[in-house]
Amino acid sequence: MSATAEAPTAVDPTAEPFSARLKAATWNDHAAAEHHGFTRALTEGELPLDGYTAMVAQHYFAYVALERVGRQLIEDPVAGRFHYPELERVPALETDLAHLLGADWRDHVSPTPATRTYVARIEQMADHPAGFVAHHYTRYLGDVSGGQFIRRIAAGAYGLSDDAGVAFYVFDALGSLPKFRAGYRERLDSLDLDERTADLLVRETRLAYQLNTEVLADLGRRHA
Ligand code: HEM
C-alpha cells in the first residue's frame with residue numbers, strides 16, 4: 001500500500017463491528033451476483049451440466065491465484081490472519097474437474113476473459129494485503145454460506161457426489177460451518193484497521209463481487 005503524509009484515523013470503537021459493516025456495505029453487490037441469470041439457472045436446477053462444469057473450471061483459475069497469493073502473504077500481519085490451509089479449494093476443484101471432464105481435464109479448460117481480469121486483480125493483491133482479505137472473504141465466506149445451498153442443488157440436479165463433482169463445496173475439515181463463520185467474522189473484527197484501510201477493504205470487496213458477477217455473466221452468455 002502506498003504511504004501518504006496523512007496520519008491514519010482510528011476506527012471508532014463504538015462503531016458496529018467491521019464484519020457487520022462489510023456485509024452491509026456489500027450486500028447489494030451480493031444480490032447482483034446471487035440473482036444473476038446464470039446463478040438463478042444454477043440455483044433453480046435448470047443450468048445444463050456443461051454450464052456447471054464451465055463454472056467449476058473458472059473457479060479453478062481463480063482459486064489457484066487466491067491460494068498462491070495467500071501463501072505469499074502468510075507473514076503479513078493482516079492477510080496472514082486469513083491463512084487457513086483447511087479452506088484450500090484447489091485439490092477439490094481438481095477432483096471435481098477430473099470427474100466432470102476426465103483425467104485429461106487440463107487440456108479442456110482455459111480462463112475466460114472475465115476470469116483473466118479477475119485473476120489479474122487477485123494477483124495485484126500480493127502488494128495490497130487488506131485488499132487480499134477482501135477477495136478471500138468474498139469467495140471463502142460465500143462458499144461456506146450460500147455455497148452450501150449450491151452444493152445441494154448441484155448434487156441433486158446432476159447426480160454428483162461429495163467425493164466427485166461437488167467436492168469444492170465440502171468443508172469437512174472445518175467442523176461446524178456456523179462456528180467457522182462466527183470465528184471468521186471475529187477475525188475480521190479484530191483486524192484493528194485504520195479507517196482508510198477499512199474503507200479500502202470494503203471497496204475491494206465490492207469490486208470482488210463485481211468481478212465475480214462478470215465471470216458469471218460471461219458464463220451465462222456461453223451456457224445458460
Ligand atoms: C448462488 C447464489 C447464492 C446464494 C443462494 C447465496 C446465499 C447466501 C446466503 C444465504 C448467505 C448467508 C447470509 C447470512 O449469513 O446472513 C450468503 C453469504 C455470503 N455469500 Fe452468498 N449466495 C450466493 C452467491 C454468492 C456469490 C456468487 C458470492 C461471491 C462471489 C457470494 C458471497 C457471499 C459472502 C461473502 C457471504 C458472507 C456474507 C457475510 O456474512 O458477511 N455468494 N450467501
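Residues numbered from 1 in each chain as written. Predicted model: local features only at pLDDT ≥ 70, side-chain atom pairs only at ≥ 80, totals over all residues. Heavy atoms only, no water.

- The protein carries the name Biliverdin-producing heme oxygenase in an unreviewed UniProt entry, which gives Nocardiopsis eucommiae as its organism.

1. What to know about the packing of aromatic side chains
- Within this structure, the stated rule accounts for ten aromatic pairs.
- On the basis of an interplanar angle of 80° and a centroid distance of 4.8 Å, the ring pair of F168 and Y169 is categorised as edge-to-face. Here F168 and Y169 have matching classes, each one buried.
- Aromatic side chains F180 and Y184 sit 6.0 Å apart centroid to centroid with 50° between the ring planes, which places their arrangement in the tilted category. Residue F180 and its partner Y184 are both found in helix α8 (residues 177-189); the two are separated by four residues, about one turn of the helix. (Phe/Tyr/Trp six-rings, centres within 6.5 Å; stacked < 30°, edge-to-face > 60°. Buried < 20%, exposed > 50% of the residue type's maximum accessible area, 1.4 Å probe, protein only. Helix = DSSP H or I, 4+ residues; strand = E, 2+ residues; numbered from the N terminus.)

2. Brief notes about empty space enclosed by the protein
- Scanning all chains against the criterion turns up one cavity of 30 Å³ or more.
- In this structure, the largest cavity encloses a volume near 110 Å³.
- As for the largest cavity, its lining consists of 14 residues, of which F82, H83, Y84, H136 and Y140 are closest to the centre.
- Of all elements in the fold, only α3 (49-72) and α6 (129-143) reach the threshold of two or more residues within the lining of the largest cavity.
- Among the elements that take part in the lining of the largest cavity, α3 stands out by supplying four residues, more than any other. (1 Å grid on protein atoms, 1.4 Å probe; cavity = no way out; pocket = protein on both sides within 12 Å on 5 of 7 lines; lining within 4 Å. Points joined across faces, edges and corners; volume = space filled by probe spheres on them.)

3. What about helix α9 (residues 195-223)?
- Spanning 29 residues, α9 covers 42 Å between terminal C-alpha atoms, matching the ideal 42 Å at 1.5 Å per step.
- N-cap assignment for α9: the residue whose side-chain oxygen lies 3.1 Å from the backbone N of R196 is D194. (Expected span 1.5 Å × (residues − 1). Polar contact = N/O pair within 3.5 Å; in protein donor to acceptor, adjacent residues only side chain to side chain.)

4. Thoughts on the coordination of the iron atom of the ligand
- Looking at the protein side alone, the iron atom of the ligand has one donor only, H30 (NE2), at 2.1 Å.
- Its location among the elements puts H30 in helix α1 (residues 18-34). (Donors = N, O, S within 2.8 Å, 3.2 Å for Na, K, Ca; no water.)

5. Some details on the side chain of D29
- Examined against the element boundaries, D29 turns out to sit in helix α1.
- With relative accessibility at 8%, the residue D29 sits in the buried group.
- For D29, the contacting residues outside a window of four places in its chain are R206, Y209 and Q210. (Contact = heavy atoms within 4.5 Å.)

6. Some details on the nonpolar core
- Of all hydrophobic cores here, the largest spans 66 residues; its most connected members are Y52, L188 and L201.
- With residues near it in sequence (within four places) discarded, L201 still touches F18, L22, A130, V133, A134, L191 and L193. (Core = buried A, V, L, I, M, F, W, Y, C linked by side-chain atoms within 4.5 Å.)

7. With respect to the site of the ligand
- Taken together, 19 residues lie near the ligand, and K23, H30, T39, Y137 and R185 sit nearest.
- Side-chain polar atom of K23 to an oxygen atom of the ligand: 2.5 Å apart, as the coordinates give it.
- R185 is positioned such that a nitrogen or oxygen atom in its side chain is 2.6 Å from an oxygen atom of the ligand.
- When residues of the shell around the ligand are traced back to their parent elements, those giving at least two are α1, α2 (37-43), α6, α7 (147-158) and α9.
- Looking at the shell around the ligand residue by residue, the class counts come to seven nonpolar, eight polar and four charged. (Near = heavy atom within 4 Å. Nonpolar A, V, L, I, M, F, W, Y, C, P; charged D, E, K, R; others polar.)

8. A closer look at the pattern of salt bridges
- Within the structure shown, the criterion is met by eleven salt bridges.
- Between R206 and D29 there is a salt bridge, and its shortest N-O distance comes to 2.7 Å. Of this pair, R206 sits in helix α9 while D29 is found in helix α1, placing the two residues 177 residues apart along the sequence.
- Across the salt bridge formed by R221 and D218, the nearest N and O atoms sit 3.7 Å from each other. With R221 and D218 both in helix α9, this residue pair falls three residues apart, about one helical turn. (Salt bridge = Lys/Arg side-chain N within 4 Å of Asp/Glu carboxyl O.)

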